[in-house]
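# Structural description and commentary
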Amino acid sequence: MDLGGTIRQCRNVKKLTLAELSEKCGISVSHLSLLENNNREPSISAVEAISKSLGLPLSVLVFLASQKNEVSELSASHIETLSNNIMELMANAKG
């Protein structure tokens, strides 16, 4: 699972800087940077705050962070389609 990279990707899709996401979720910029670089394991409360600030349900953020072998019930094409659709929805969402 690449939760940090997924947080960064979602932040970029939403066109937020580290500082902007930090302010929205109440996590310091330095700690958020450590999380995005997978240098720290986030608490569940931190992941919840981040997902809420990104406008995503926690389950969707976790799905996006999952590796293909972690969701083996779905075909690679289904995973890619779902992920692309979610990212497109995020990019077009207001707020």
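Residues numbered from 1 in each chain as written. Predicted model: local features only at pLDDT ≥ 70, side-chain atom pairs only at ≥ 80, totals over all residues. Heavy atoms only, no water.

### Quick notes on the overall build of the chain
Counting secondary structure elements, the chain contains six helices and zero strands. For the chain, the sequential pattern of α-helices and β-strands runs α-α-α-α-α-α. Relative to its full complement of 95 residues, the chain shows a buried share of 36%. Pairs at least 24 apart in sequence give 57% of the contacts found in the chain among residues at least 6 apart. For the chain, the accessible area works out to roughly 5800 Å², and carbon and sulfur atoms hold 52% of it. (Helix = DSSP H or I, 4+ residues; strand = E, 2+ residues; numbered from the N terminus. Buried < 20%, exposed > 50% of the residue type's maximum accessible area, 1.4 Å probe, protein only. Contact = heavy atoms within 4.5 Å. Areas by Shrake-Rupley, 256 points an atom, 1.4 Å probe, with all protein chains shown as cover.)

### Here we look at the pattern of salt bridges
The final tally for this structure, using the stated rule, is two salt bridges. Here glutamate 36 and arginine 8 are joined by a salt bridge, their closest N and O atoms 3.5 Å apart. In this pair, glutamate 36 is assigned in helix H3 (residues 29–36) and arginine 8 in helix H1 (residues 3–13), connecting sequence segments 28 residues apart. Residue arginine 8 is classed as partly exposed on the basis of its relative accessible area of 28%. Of the charged contacts in the structure, one is a salt bridge between arginine 11 and glutamate 36, with a shortest N-O distance of 2.6 Å. (Salt bridge = Lys/Arg side-chain N within 4 Å of Asp/Glu carboxyl O.)

### Considerations on the confidence of the model for the chain
When pLDDT is low, close inspection of the predicted coordinates is not appropriate. Of all residues in the chain, 83% have pLDDT values of 70 or greater, and the mean over the chain is 84. Per-element confidence in the chain ranges from a low mean pLDDT of 71 for helix H6 (residues 76–92) to a high of 96 for H3. (pLDDT = per-residue confidence, 0-100.)

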